[in-house]
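Residue-level structure breakdown
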Amino acid sequence: MSVRARRIGSVRSETVAANYAFDPLEDDKIIRNRLLTRTTTTRGEPPLKKLQKKFTSFVLEVDKEEDNYSECGRLAKAFLQELTAFEIPLLKSQAVVASNLREKENFNELKDETNRQIMQAQADIEDLKKQLEESKVERQHKEECEAIRKLISAQPPRSETQKVINELNKEIAELEAENTASWRLLELRKKQFALFLHVVDELQETMEDEQKSMVEEMQRNITEETTAGGAEAMAID
């Protein structure tokens, strides 16, 4: 329903409510009173009141102490006719009430069935929601598996990968062997250098000892020469 249609409907409802003279409770009372008195219109005399007048006239005529059998018969006949006329609408109303009760029962059964179908539909909707969530999860898993499969397919075969791994292992072994040989050579060079330093230290000590010995020898010779010269001078004197 469009906005314009809703506005028109609301305006019509307000117009009907404004023109309606009674509220729902008063309306129910008026309808109940009209059904009891058979007053279907506000004009004219109500049928129940007319029946009451016919009965009152008949009773009053009977209570008279006069020879009025014919008048009493006429009033009784008029009363019975009015009673019959009053009873026929009542029977019709009774039939309408029975029909309305049957319709109400049918409506209640239809309402119960509709409510049951609504509940079943809601349960079906919840089941479908669960199935939808499960389908989403399953689809996500399939997409993830497909992505993994494509990633695996993009990789080289296992044989080539194993070949590359073997070559890398071989290179690693060669590098480890070279590293071990280099380490051993370095250790040997360290030992040789240490031995060289030790020899240099010994040579330096030996040279220092020799220089000291030479100095001492020269000093001893000088002393001896000095002593010998002094002795000669004294001998000449």
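Conventions adopted
- Counting restarts for each chain: residues are numbered from 1 in the order of the written sequence.
- Reporting of local features is limited, given that this is a predicted model, to residues whose pLDDT is at least 70; pairs of side-chain atoms are given and counted only at 80 or more, and all residues count toward the totals for whole chains, interfaces and linings.
- Excluded from the side-chain calculation are hydrogens and water; included are all heavy atoms of the structure.
- UniProt positions are given in the numbering used here, feature names are shortened, and annotations may be inferred rather than shown by experiment.
- The way it works is that DSSP assigns letters per residue, a run of H or I at least four long becomes a helix, a run of E at least two long becomes a strand, and they are numbered from the N terminus.
- Throughout, exposure labels follow a simple rule: accessible area from a 1.4 Å probe, protein chains only, divided by the maximum for the residue type, with under 20% read as buried, over 50% as exposed, and the rest as partly exposed.
- Note on contacts: a residue pair is in contact if any heavy atoms of the two residues lie within 4.5 Å.
- Only the protein chains shown count as covering a residue, and every accessible area follows the Shrake-Rupley method with a 1.4 Å probe.
- As a per-residue measure, pLDDT tells how confident the predictor is, with possible values from 0 to 100.
- The patches reported here contain residues having more than 30% relative accessible area and no salt bridge. Joining distances are 9 Å for like charges and 5 Å for nonpolar side chains (Val, Leu, Ile, Met, Phe, Trp, Tyr).
- In the sections that follow, a salt bridge refers to a side-chain nitrogen of Lys or Arg positioned within 4 Å of a carboxyl oxygen of Asp or Glu.
- Note on charges: Lys and Arg go in the positive column, Asp and Glu in the negative column, and His and the chain ends are not counted at all.
- We put the charge of a Lys on NZ, of an Arg on CZ, of an Asp on CG and of a Glu on CD.
- Axis geometry follows a simple rule: fit a line to the C-alpha atoms, using only the stretch in contact for helices, then measure angles between N-to-C directions, giving values from 0 to 180 degrees.
- By the definition adopted for this analysis, an angle is roughly parallel if under 35 degrees, roughly antiparallel if over 145, roughly perpendicular if from 65 to 115, and oblique otherwise.
- By definition, any crossing whose near helix is turned counterclockwise from its far helix by less than a right angle is left-handed, and any crossing with a clockwise turn is right-handed.
- Three classes are used, and their members are as follows: Ala, Val, Leu, Ile, Met, Phe, Trp, Tyr, Cys and Pro are nonpolar, Asp, Glu, Lys and Arg are charged, and the others, Gly among them, are polar.

The name given to the protein in an unreviewed UniProt entry is THO complex subunit 7A, with Cardamine amara subsp. amara as the source organism. The UniProt entry for the protein carries the following text under Sequence similarities (unreviewed entry): "Belongs to the THOC7 family." Among the UniProt annotations of the protein, the heading Subcellular location (unreviewed entry) holds the following wording: "Nucleus".

In terms of regular secondary structure, the protein is built from five helices and zero strands. Element order for the protein, N to C, with α for helix and β for strand: α-α-α-α-α. Out of the 237 residues in the protein, the part that is buried amounts to 5%. Intrachain contacts of the protein at a sequence separation of at least 6 include 48% that bridge at least 24 residues. Just so you have it, the protein exposes about 21300 Å², and 58% of that area is on carbon and sulfur atoms.

On to the confidence of the model for the protein. As a note on interpretation, predicted positions should not be read in detail where pLDDT is low. Taken as a whole, the protein shows an average pLDDT of 78; of its residues, 76% reach a score of 70 or greater. Mean pLDDT in the protein bottoms out at helix 1 (residues 3–19), which sits at 45, and peaks at helix 4 (residues 69–154), which reaches 88. A low-confidence stretch, residues 1–9 stays under pLDDT 50, and its non-local contacts, those more than four residues away or across chains, total one contact. Contacts for the low-pLDDT stretch residues 11–21, under 50 throughout, to residues beyond four places or in other chains number one contact.

Mapped onto the secondary structure, Leu83 falls in helix 4. According to the relative accessible area criterion, Leu83 is partly exposed, its value standing at 32%. As a C-alpha pair, Leu83 and Lys50 span 33 residues in sequence and 9.6 Å in three-dimensional space.

A word on a negative patch on the surface. Negative charge collects at one region of the surface, where Asp201, Glu202, Glu205, Glu208, Asp209 and Glu210 lie side by side. Examined against the element boundaries, Asp201 turns out to sit in helix 5 (residues 158–236).

This structure, assessed with the given rule, holds six salt bridges. As a salt-bridge pair, Glu138 and Lys142 come within 3.8 Å of each other at their nearest N and O atoms. Of this pair, Glu138 and Lys142 both sit in helix 4, four residues apart, roughly one helical turn. We classify Glu138 as partly exposed; its relative accessible area is 45%. For Lys142, a relative accessible area of 54% gives the class exposed. When the shortest N-O distance is used, the salt bridge between Arg220 and Glu217 registers 2.0 Å. You can see Arg220 and its partner Glu217 sitting in helix 5, three residues apart, about one turn around the helix. Classification of Arg220 as partly exposed rests on a relative accessible area of 41%. For Glu217, a relative accessible area of 34% corresponds to the partly exposed category.

Attention now goes to the environment of Thr56. Positionally, Thr56 belongs in helix 3 (residues 47–63). On a C-alpha basis, the gap between Thr56 and Phe79 in space is 9.3 Å, while along the polypeptide they are 23 residues apart.

The geometry of helix 3 relative to helix 4 is characterised by a closest axis approach of 9 Å and an angle of 160° between their N-to-C directions. In this view, helix 3 runs roughly antiparallel relative to helix 4, as classed from their interaxial angle. Between helix 3 and helix 4 the crossing geometry is left-handed. Residues Pro47, Leu48, Lys50, Leu51, Lys54, Phe55, Ser57, Phe58, Glu61 and Val62 of helix 3 lie in contact with helix 4, whose contacting residues are Glu71, Cys72, Leu75, Ala76, Ala78, Phe79, Glu82, Leu83 and Phe86. When its residues are assigned to classes, the contact of helix 3 with helix 4 shows 13 nonpolar, one polar and five charged.

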